[in-house]
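Analysis of the macromolecular model
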Amino acid sequence: SAVISQKPSRDICQRGTSLTIQCQVDSQVTMMFWYRQQPGQSLTLIATANQGSEATYESGFVIDKFPISRPNLTFSTLTVSNMSPEDSSIYLCSTMGAALAGYTFGSGTRLTVV
Amino acid sequence: AQTVTQSQPEMSVQEAETVTLSCTYDTSESDYYLFWYKQPPSRQMILVIRQEAYKQQNATENRFSVNFQKAAKSFSLKISDSQLGDAAMYFCAYPPSNFGNEKLTFGTGTRLTIIP
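The rules behind each value
Residues numbered from 1 in each chain as written. Chains lettered and ligands numbered in written order. Predicted model: local features only at pLDDT ≥ 70, side-chain atom pairs only at ≥ 80, totals over all residues. Heavy atoms only, no water. Helix = DSSP H or I, 4+ residues; strand = E, 2+ residues; numbered from the N terminus. Buried < 20%, exposed > 50% of the residue type's maximum accessible area, 1.4 Å probe, protein only. Contact = heavy atoms within 4.5 Å. Buried area = accessible area lost by both parts, 1.4 Å probe. Salt bridge = Lys/Arg side-chain N within 4 Å of Asp/Glu carboxyl O. Polar contact = N/O pair within 3.5 Å; in protein donor to acceptor, adjacent residues only side chain to side chain. Pairing = 2+ DSSP bridges. Axes fitted to C-alpha atoms, helices over the stretch in contact; angles between N-to-C directions.

Regarding the environment of L21 of chain B
Residues and elements named next belong to chain B. When you line up the elements, L21 lands in strand β3 (residues 19-21). On the basis of relative accessibility, which here comes to 0%, the residue L21 falls in the buried class. Beyond its immediate chain neighbours, meaning those up to four positions away, L21 contacts Q8, M11, W36, S76, L77, Y90 and T110.

Quick word on the interface of chain A and chain B
Note: interface size is frequently given as the accessible area lost on complex formation between the parts. Each side of the interface is counted separately: chain A has 25 residues, and chain B has 22 residues. Counting each side, the surface lost to burial between chain A and chain B is near 1900 Å², with a carbon and sulfur contribution of 54%. Summed over the shared surface of chain A and chain B, the result is one salt bridge. The salt bridge involving K103 of chain B is made with E58 of chain A; its shortest N-O contact spans 2.8 Å. Taken together, the connections running from chain A to chain B amount to nine residue pairs in polar contact (both at pLDDT 80 or more). At the level of secondary structure, the elements contributing two or more residues to the side of chain A that touches chain B comprise β4 (31-37), β5 (43-50), β9 (89-96), β10 (103-105) and β11 (109-113) of chain A. With four residues, β4 of chain A is the largest single contributor of residues to the side of chain A that touches chain B.

Structural notes on the sheet that holds strand β1 (residues 4-7) of chain A
Residues and elements named next belong to chain A. Taken in spatial order, the four strands make up an open sheet running β1-β3-β8-β7, and their pairing is antiparallel. This sheet does not close on itself; its edge strands, each paired only once, are β1 and β7 (68-72). With direction set aside, neighbouring strand axes in the sheet form an average angle of 15 degrees.

Just distances and angles here, no functional claims.
What follows is the structure, encoded as structure tokens:
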């Protein structure tokens with residue numbers, strides 16, 4: 001299955017600033033998924049990123065707050081914009097392995113907004 | 001809408017004993033996959049086991065096995081000979097179709113504690 005390198009692993013940011021999270025996959029994949037995991041909670045999908053088209057956002061998430069880029073089939077970024085303490089979460093990217101071998105995840109980015 | 005329910009927020013088990021984590025789901029699909037993921041404190045999501053709905057045989061992976069009851073839409077995870085390294089959050093997950101490129105829907109998770 002695909003291997004994803006995600007960075008940064010953690011960051012502490014000032015409110016009102018933005019952070020861009022990067023995910024690099026070791027093989028070409030069609031879809032990439034971005035999740036948020038609030039403290040002690042499950043994973044919630046933010047958006048699905050398909051190469052060459054705009055990302056599809058889930059209810060409650062908007063492009064202005066979480067812009068996503070997908071410039072090629074091995075790379076994607078998620079930006080958390082104009083951050084507030086409520087954005088403090090773990091953010092994970094994911095993609096699906098071949099033949100539904102299972103969805104692979106990046107190692108996560110722990111974001112703390114102060 | 002597809003939903004995944006884990007009714008046990010926390011579970012604990014003595015080391016070397018067996019524990020079962022519950023998961024139920026809702027779907028109108030006939031063919032699909034189900035997954036159990038483990039998330040240790042490192043926050044890495046690790047695939048534990050998957051089940052293909054068209055297979056009647058329950059999946060097994062070493063000490064991990066599932067009890068898949070398709071009619072009841074139940075997908076429980078059994079961990080045998082529990083080890084300290086099994087301590088983690090466990091999430092049941094379901095993609096809405098078996099065609100891939102679909103988002104996963106996660107349950108709320110079960111925090112498993114291993115008692116030495």
